[in-house]
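# Topology and contacts: notes
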Amino acid sequence: MRTILMLLFGAIFIAMTTVTVRASLAAGLLEAWPDYVANPWAVATLYDAYFAFITFYVWVAYRERSMAWRIVWFLLIMGLGSIAMSFYVLLQLVRLRPGEPLETLLRRREA
């Protein structure tokens, strides 16, 4: 299961990085913004994404004991979204000790 999760979150990381770079090369965010906010479905999708980012961040804040790391991860998640979230999960999967159950990912990290 760990390998499947690593493949899944690795694919998300690569796909989102690729899509973000391609979009950035096609049009700058400030340039595209007026057309984007004119579309109510685009705005609804943006709200949905950021509520999901906040939901994911609550788990990260619970797991991370250091306030400094909580702040770093908040900024990364709010700025990079799924790129940062998939990287966080990959990092946690790599940190699992051999034989350690996946359920460990849901618990608070030890000091």
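The rules behind each value
Residues numbered from 1 in each chain as written. Predicted model: local features only at pLDDT ≥ 70, side-chain atom pairs only at ≥ 80, totals over all residues. Heavy atoms only, no water. Salt bridge = Lys/Arg side-chain N within 4 Å of Asp/Glu carboxyl O. Buried < 20%, exposed > 50% of the residue type's maximum accessible area, 1.4 Å probe, protein only. Axes fitted to C-alpha atoms, helices over the stretch in contact; angles between N-to-C directions. Helix = DSSP H or I, 4+ residues; strand = E, 2+ residues; numbered from the N terminus. Parallel < 35°, antiparallel > 145°, perpendicular 65-115°, else oblique. Contact = heavy atoms within 4.5 Å. Nonpolar A, V, L, I, M, F, W, Y, C, P; charged D, E, K, R; others polar. Expected span 1.5 Å × (residues − 1). Polar contact = N/O pair within 3.5 Å; in protein donor to acceptor, adjacent residues only side chain to side chain. Left-handed = near helix turned anticlockwise from the far one by under 90°. Core = buried A, V, L, I, M, F, W, Y, C linked by side-chain atoms within 4.5 Å. Lys, Arg positive; Asp, Glu negative; His and termini not counted.

It is possible for side chains of opposite charge to pair when their charged atoms get near one another. All chains considered together, the criterion is met by 1 salt bridge. For R97, the salt bridge is made with E100, and the minimal N-O distance between the two is 3.4 Å. Judged by relative accessible area, which is 53%, R97 ranks as exposed.

Our next topic: the packing of helix α2 (residues 29–37) against helix α3 (residues 40–63). Axis separation between α2 and α3 bottoms out at 7 Å; the angle between their running directions is 110°. Comparing the axis directions of α2 and α3 gives the class roughly perpendicular. Contacts from W33, Y36 and V37 in α2 reach A42, V43 and L46 in α3. Looking at side-chain class alone, the contact of α2 with α3 contains 6 nonpolar, no polar and no charged residues.

Moving on to the environment of F87. Structurally, F87 is set in helix α5 (residues 82–95). We classify F87 as partly exposed; its relative accessible area is 40%. Sequence-wise, F87 and L5 are 82 residues apart; in three dimensions their C-alpha atoms are separated by 12 Å.

The next subject is α3. The end-to-end C-alpha separation of α3 is 35 Å, in line with the 34 Å expected for 24 residues at 1.5 Å each. For α3, the complete set of buried residues consists of A42, F53, F56, Y57, V60, A61 and R63. Structurally, α3 contributes buried residues whose contacts are with α2, α4 (67–80) and α5. Two or three places before W41, at the opening of α3, N39 has a side-chain oxygen 2.8 Å from that residue's backbone nitrogen.

Let us now look at the packing of α3 against α5. Look at α3 against α5: their axes get within 11 Å of each other, and the N-to-C directions meet at 30°. Judged by the sense of rotation from one axis to the other, the crossing of α3 with α5 is left-handed. Where α3 abuts α5, its residues F53, F56, W59, V60 and R63 lie against S82, M85, Y88, V89 and Q92. Considering only residue class, the contact of α3 with α5 consists of 7 nonpolar, 2 polar and 1 charged.

What follows deals with the side chain of T104. Summarising the element assignment, T104 is placed in the segment after α5. With near-sequence residues (within four places) excluded, T104 lies in contact with R63 and L96.

Turning our attention to the nonpolar core. Formed by 15 residues in total, the largest nonpolar core has its most connected members in F56, V60 and I77. Filtering out sequence-adjacent residues up to four positions away, F56 remains in contact with I77, M85, Y88 and V89.

Locating R63 in the fold gives a position in helix α3. At 4.9 Å, E64 is the nearest oppositely charged side chain to R63, a buried residue that forms no salt bridge. At a separation of 2.7 Å, a polar atom in the side chain of R63 contacts the side chain of Q92. Not counting chain neighbours up to four residues away, the residues in contact with R63 comprise Y88, Q92, T104, L105, R107, R108 and R109.

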